[in-house]
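Topology and contacts: notes
One letter stands for each residue in the lines below.
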Amino acid sequence: MTTTLAEQAVTDFVREWSTAEERGEHRALDDLLAKDFVGVGPQGFVRSREEWLARYSTGTVRNTSFEVSDLRIRSYGETAVVVAAQTQQSVNGDADASGAFRFTLIVVRQDGRLRLAGLHLSPNAVPAGG
């Protein structure tokens, strides 16, 4: 029997994931990411699960804020697609990685719990004339 992921469960999962991202908690993220997770960054780079986790375990990426808002959740059985807004204050190595973004998350039920299978991040477009 296939069930549909509940919107509140997905919202709670996204909140848990964003807190782990903000704090750079690679051990928590290790538990939240699917084994075959793939992340696409705002400049088009593709990172495997191991590469995504290494950003924090090595201390390369450091966040001082990581805010998620405007969640739009669509469920398809054991999978949910989340489109949301995200802002962050952070550094990647010596470079400022702060900004405002839109992302798409793919959340799946795997081994009885929710996991993040994929993420695609895009920078917000600069408004015309701005």
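The protein chain is annotated in an unreviewed UniProt entry as EncO of Streptomyces sp. SCSIO 11863.

Formed by 27 residues in total, the largest nonpolar core has its most connected members in V10, W17, V82, L105, V107, L116 and L119. Those elements that provide at least two residues to this core are α1 (7–23), α2 (26–32), β1 (33–40), α3 (49–57), β3 (61–76), β4 (79–92), β6 (99–110) and β7 (113–123). Considering each element in turn, this core owes the most residues, five residues, to α1. Setting aside anything within four residues of it in sequence, one finds V10 in contact with L5, I73, A80, V82 and L114.

Here we take up the UniProt feature "domain: DUF4440" (unreviewed entry) in the protein chain. Under the UniProt annotation, the feature "domain: DUF4440" (unreviewed entry) is placed at residues 12–115. Between the C-alpha atoms that bound residues 12–115 there is a distance of 12 Å. The span itself is 27% helix and 56% strand.

Here we take up the pattern of salt bridges. Across all of its chains, the model carries eight salt bridges by this definition. Notably, a salt bridge pairs D12 with R15, separated by 3.2 Å at the nearest N-O pair. Placement of the pair is D12 and R15 together in helix α1, with a separation of three residues, close to one helical turn. Owing to a relative accessible area of 37%, D12 belongs among the partly exposed residues under this scheme. Since its relative accessible area comes to 48%, R15 is described here as partly exposed.

Looking now at the pairing of β7. In this structure, β1 lies alongside β7, joined through four bridges in parallel fashion. Along β7, the bridge assignment pairs V40 with H120. Bridge count for β6 against β7 is 10 bridges, and the pairing is antiparallel. The residue of β7 that forms the bridge with F103 is L121. Connecting β6 to the next strand, β7, in antiparallel fashion are two residues, including D111 with a positive phi near 55°.

Conventions we followed
- Residues numbered from 1 in each chain as written.
- Predicted model: local features only at pLDDT ≥ 70, side-chain atom pairs only at ≥ 80, totals over all residues.
- Heavy atoms only, no water.
- Core = buried A, V, L, I, M, F, W, Y, C linked by side-chain atoms within 4.5 Å.
- Buried < 20%, exposed > 50% of the residue type's maximum accessible area, 1.4 Å probe, protein only.
- Helix = DSSP H or I, 4+ residues; strand = E, 2+ residues; numbered from the N terminus.
- Contact = heavy atoms within 4.5 Å.
- UniProt positions renumbered as here; feature names shortened; annotations may be inferred.
- Salt bridge = Lys/Arg side-chain N within 4 Å of Asp/Glu carboxyl O.
- Pairing = 2+ DSSP bridges.

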